[in-house]
Every structure is written in C-alpha cells, then in structure tokens.
Amino acid sequence: SDNPLLTDASLSSIRKCNTKGKLRSLQLAGPNHISALGLEVFFTRGIPDLPPPPKLYKLDLSSCCHDAVNDTVVQLATLASIGKISPTGMGHSNTGGLVHLNMSGSTAITDKAMEHLASNCSSSLQELEVGYCVNISDKGLGYLVS
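Quick notes on the rules
- Residues numbered from 1 in each chain as written.
- Predicted model: local features only at pLDDT ≥ 70, side-chain atom pairs only at ≥ 80, totals over all residues.
- Heavy atoms only, no water.
- Helix = DSSP H or I, 4+ residues; strand = E, 2+ residues; numbered from the N terminus.
- Buried < 20%, exposed > 50% of the residue type's maximum accessible area, 1.4 Å probe, protein only.
- Areas by Shrake-Rupley, 256 points an atom, 1.4 Å probe, with all protein chains shown as cover.
- Lys, Arg positive; Asp, Glu negative; His and termini not counted.
- Charge placed at Lys NZ, Arg CZ, Asp CG, Glu CD.
- Polar contact = N/O pair within 3.5 Å; in protein donor to acceptor, adjacent residues only side chain to side chain.
- Contact = heavy atoms within 4.5 Å.
- Axes fitted to C-alpha atoms, helices over the stretch in contact; angles between N-to-C directions.
- Parallel < 35°, antiparallel > 145°, perpendicular 65-115°, else oblique.
- Phe/Tyr/Trp six-rings, centres within 6.5 Å; stacked < 30°, edge-to-face > 60°.
- Nonpolar A, V, L, I, M, F, W, Y, C, P; charged D, E, K, R; others polar.

A. Molecular detail of the overall build of the protein. Across its full length, the protein carries 5 helices and 4 strands. Ordering the α and β elements of the protein from the N terminus gives α-β-α-β-α-β-α-β-α. Projected onto the principal axes, the alpha-carbon positions of the protein cover approximately 40 × 35 × 20 Å. Within the protein, buried positions represent 44% of all 146 residues. Summing over all exposed atoms, the protein offers an accessible surface of approximately 7500 Å²; the carbon and sulfur share of this is 55%. Treating the 11 positive side-chain charges of the protein as one cloud and the 12 negative ones as another, the clouds have centres 14 Å apart.

Dropping the structure here:
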C-alpha cells in the first residue's frame with residue numbers, strides 16, 4: 001500500500017462500503033496515517049450505523065506506524081475474523097479465522113497477542129510474519145506451536 005494518504009477515515013469508508021461482508025483480504029502495509037484507535041474502531045462490533053467488521057482471512061499491517069498495531073487491535077481483528085462478538089464467547093461461530101497475518105515492524109505487539117492468536121486462530125493460521133516485533137519473545141511464539 002505505502003500510502004501516506006491512508007487514514008482512519010479511510011478505514012471507516014472501507015467498513016461502510018463492506019455492507020455485504022465480502023471483504024476477505026486487507027493490505028494496509030507501509031507508511032500511512034492509521035492509528036491504533038482507527039484500527040480498533042474498524043474491527044469492533046456493535047457500532048451504530050456501521051456494518052459488522054470484515055471477516056478477513058488475510059491481513060497485512062506490516063510497517064504501519066510502530067504503535068498503531070497493538071495487542072488490542074490483534075484481538076479485535078481475530079475475533080472479527082471468526083465471527084466472535086467478544087472474548088467471553090458470546091456470538092462465537094467458529095468459522096473462518098485469519099489464515100495470513102503480517103505484523104512485521106509492529107513494536108507494540110507482545111506475547112499477549114500471540115496467546116490470543118493461538119487460542120482463536122490455531123486451526124486457521126498458516127502464515128504469520130512478526131519480523132522486527134521486538135516485544136514478542138520465545139514464550140509468545142511458543143503459544144503458537146504448543
């Protein structure tokens with residue numbers, strides 16, 4: 001993408017246009033002006049006047065602003081991808097799930113995000129890119145292989 005004109009308003013427009021829920025792949029990689037709040041709103045269910053967030057199978061958030069991609073964004077994107085409304089399990093459809101996720105360069109991602117991915121996308125996730133995610137440890141990666 002490498003588009004510095006991409007903003008939180010762009011995310012809102014994408015979600016508003018996805019009324020039929022057909023969006024399955026989203027690439028937001030590269031320098032842009034997307035914030036953590038913009039991504040959180042994009043993936044949060046139950047916002048009035050917005051269709052449900054997309055159930056993505058492929059998401060590329062690599063090289064976004066270093067703190068825009070955080071554990072909460074990963075959790076919300078994961079829940080949206082499987083049709084789960086909340087971490088408590090309400091509304092869980094157990095279908096779909098992220099297959100490809102690229103978060104390279106996201107310095108706000110921690111082991112907590114890896115634990116969440118392992119518990120919600122272990123059957124779907126095939127490709128994960130976390131290069132230069134300096135706050136992910138061996139323990140975090142261990143969640144994905146155990």
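After that view of the structure, there is still more to cover.
B. View of the side chain of Ser124. Mapped onto the elements, Ser124 comes out in the loop between α4 (111-121) and β4 (127-129). Polar contacts involving the side chain of Ser124 include one to the main-chain carbonyl oxygen of Leu98, which spans 2.8 Å. If sequence neighbours within four positions are ignored, Ser124 has contacts with Gly96, Gly97, Leu98 and Val99.

C. Representation of the side chain of Thr78 in the model. When you line up the elements, Thr78 lands in helix α3 (residues 71-82). Assessed through its relative accessible area of 0%, Thr78 is described here as buried. Ignoring anything within four residues of it in the chain, the contact list for Thr78 reads Leu98, His116, Leu117, Asn120 and Cys121.

D. Just unusual backbone geometry, in detail. In the Ramachandran plot, Ser63 falls in the positive-phi region, its phi being about 60 degrees despite a non-glycine side chain. Tracing the backbone shows Ser63 in the loop between β2 (58-60) and α3. Even without being a glycine, Tyr132 presents a positive backbone phi close to 65 degrees. Summarising the element assignment, Tyr132 is placed in the loop between β4 and α5 (138-145).

E. Quick look at the packing of α3 against α4. Viewed as axis vectors pointing N to C, α3 and α4 meet at an angle of 10 degrees, and their least axial separation amounts to 9 Å. Between α3 and α4, the interaxial angle falls into the category roughly parallel. Counted together, Asp71, Val74, Gln75, Thr78, Leu79, Ser81 and Ile82 of α3 and Lys112, Ala113, His116, Leu117, Asn120 and Cys121 of α4 form the full contact between these two elements.

F. Quick look at the packing of aromatic side chains. In the structure shown here, the tally under the stated rule is 1 aromatic pair. For the ring pair Phe42 and Phe43, a centre distance of 4.9 Å and an interplane angle of 85 degrees mean the geometry is edge-to-face.

G. Inspection of the packing of helix α1 (residues 8-17) against helix α2 (residues 36-43) at higher detail. Contact pair α1 / α2: the axes reach a minimum separation of 9 Å and the direction vectors enclose 10 degrees. In terms of their interaxial angle, α1 and α2 are classed as roughly parallel. Residues Asp8, Leu11, Ile14 and Arg15 of α1 form the contact with α2, whose participating residues are Gly38, Leu39, Val41, Phe42 and Phe43. In terms of residue class, the contact of α1 with α2 is built from 6 nonpolar, 1 polar and 2 charged.

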